[in-house]
Amino acid sequence: DAALAVATAQSLVDCGGANGEDLARRYLALSRADGGEVDQSTWLAMRRLERGTPWHEAGDSGRYAAGAEPAARIAAVGLSRVHSREGLPGDVRASVSLTHRNSEAQAGALVVATAVACAASEGFRPTDLAHVLPALPLPPRGHSTICRVLEARHQAAHVAATLADLGAGPSAFE
């Protein structure tokens with residue numbers, strides 16, 4: 001994951017944005033150099049690239065391609081869109097579909113890239129994510145998951161505030 005994240009960052013810098021063909025070349029070179037300890041979908045995509053499959057068709061699809069590996073390597077894409085998140089979904093799609101053509105894997109990577117872009121933005125406050133994440137183009141299950149996480153976060157904040165009002169901080173649970 002770390003080597004693919006570095007390759008993604010280098011590609012973004014060298015190409016001035018997400019470039020699936022360049023990423024395919026870099027990922028394949030890494031795969032050949034060290035055998036690459038990657039998830040099954042990425043491994044299969046590298047074998048397809050070796051057989052001449054175009055980069056945009058090499059990624060695994062279906063429910064077994066819903067891994068979290070793309071989210072683990074996507075931070076550089078988010079950082080590249082700190083000043084404007086406008087093209088972020090397309091950049092994420094280009095970066096992820098090389099290995100994972102699964103909507104859940106792409107949605108997870110988009111959430112991480114968006115959070116990174118927001119967190120690196122000047123004046124960002126964590127509460128801003130509550131407004132940004134629900135507006136992302138995600139599959140329905142992705143939206144319901146985000147809403148549940150945000151609701152749980154809101155409830156946890158309410159409990160923490162209530163405990164503080166009662167003078168019972170974290171030490172009350174020790």
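Residues numbered from 1 in each chain as written. Predicted model: local features only at pLDDT ≥ 70, side-chain atom pairs only at ≥ 80, totals over all residues. Heavy atoms only, no water.

Trainee: Can you help me understand the overall build of the chain in this one?
Mentor: The secondary structure content of the chain amounts to ten helices and zero strands. Ordered by position from N to C terminus, the α and β elements of the chain give α-α-α-α-α-α-α-α-α-α. Relative to its full complement of 174 residues, the chain shows a buried share of 37%. Contacts in the chain between residues at least 24 apart in sequence constitute 59% of all its contacts with a sequence separation of at least 6. Of the roughly 9800 Å² of accessible surface on the chain, 56% is carried by carbon and sulfur atoms. (Helix = DSSP H or I, 4+ residues; strand = E, 2+ residues; numbered from the N terminus. Buried < 20%, exposed > 50% of the residue type's maximum accessible area, 1.4 Å probe, protein only. Contact = heavy atoms within 4.5 Å. Areas by Shrake-Rupley, 256 points an atom, 1.4 Å probe, with all protein chains shown as cover.)

Trainee: Even after reading the chapter, I still don't get the packing of aromatic side chains, so can you show me in this structure?
Mentor: In this description, an aromatic ring pair is defined by two values, namely the gap between the centres and the angle between the planes. Going through the model one piece at a time under the given rule, you end up with zero aromatic pairs. Directly above the aromatic system of Trp43 lies the positively charged group of Arg47, at a separation of 4.9 Å from the ring centroid. (Phe/Tyr/Trp six-rings, centres within 6.5 Å; stacked < 30°, edge-to-face > 60°. Lys NZ or Arg CZ within 6 Å of the ring centre and 35° of its normal.)

Trainee: Explain helix α7 (residues 88–96) here, please?
Mentor: Since the α-helix advances by 3.6 residues per turn, residues separated by three or four positions end up pointing in the same direction. The set of residues buried in α7 consists of Leu88, Asp91, Val92, Ala94, Ser95 and Val96. Turning to α7, the residues buried within the fold contact α2 (20–34), α4 (55–58), α5 (69–73), α6 (75–79) and α8 (103–119).

Trainee: Whenever I open this one, the confidence of the model for the chain confuses me. Can you help?
Mentor: The predicted coordinates of low-pLDDT regions are not to be read in fine detail. Looking at the chain, pLDDT values average 80 and 79% of them are 70 or higher. α4 holds the highest mean pLDDT among the elements of the chain, 92, whereas helix α10 (residues 140–165) holds the lowest, 62. (pLDDT = per-residue confidence, 0-100.)

Trainee: Sorry, what's going on with the nonpolar core here?
Mentor: Membership of the largest hydrophobic core comes to 18 residues, with the highest contact counts inside it found for Ile74, Val77, Leu88, Val92 and Leu110. The dominant element in this core, judged by the number of residues it contributes, is α8, at six residues. If we ignore the near neighbours within four places in the chain, the residues touching Val92 are Ile74, Val77, Gln106, Ala109, Leu110 and Ala113. Ranked by size, the runner-up nonpolar core spans eleven residues in total, among them Ala24, Ala45, Met46 and Leu49. (Core = buried A, V, L, I, M, F, W, Y, C linked by side-chain atoms within 4.5 Å.)

Trainee: Looking at this structure, how should I read the packing of α2 against helix α3 (residues 40–50)?
Mentor: For any two helices packed against each other, one specifies the crossing angle of their axes together with the interaxial distance. Between α2 and α3, whose axes approach to 10 Å, the crossing angle comes to 105°. With respect to each other, α2 and α3 are oriented roughly perpendicular. Side by side, α2 and α3 meet where Ala24, Tyr27, Leu28, Ser31 and Arg32 of the first sit next to Met46, Arg47, Leu49 and Glu50 of the second. A per-class count over the contact of α2 with α3 returns five nonpolar, one polar and three charged. (Axes fitted to C-alpha atoms, helices over the stretch in contact; angles between N-to-C directions. Parallel < 35°, antiparallel > 145°, perpendicular 65-115°, else oblique. Nonpolar A, V, L, I, M, F, W, Y, C, P; charged D, E, K, R; others polar.)

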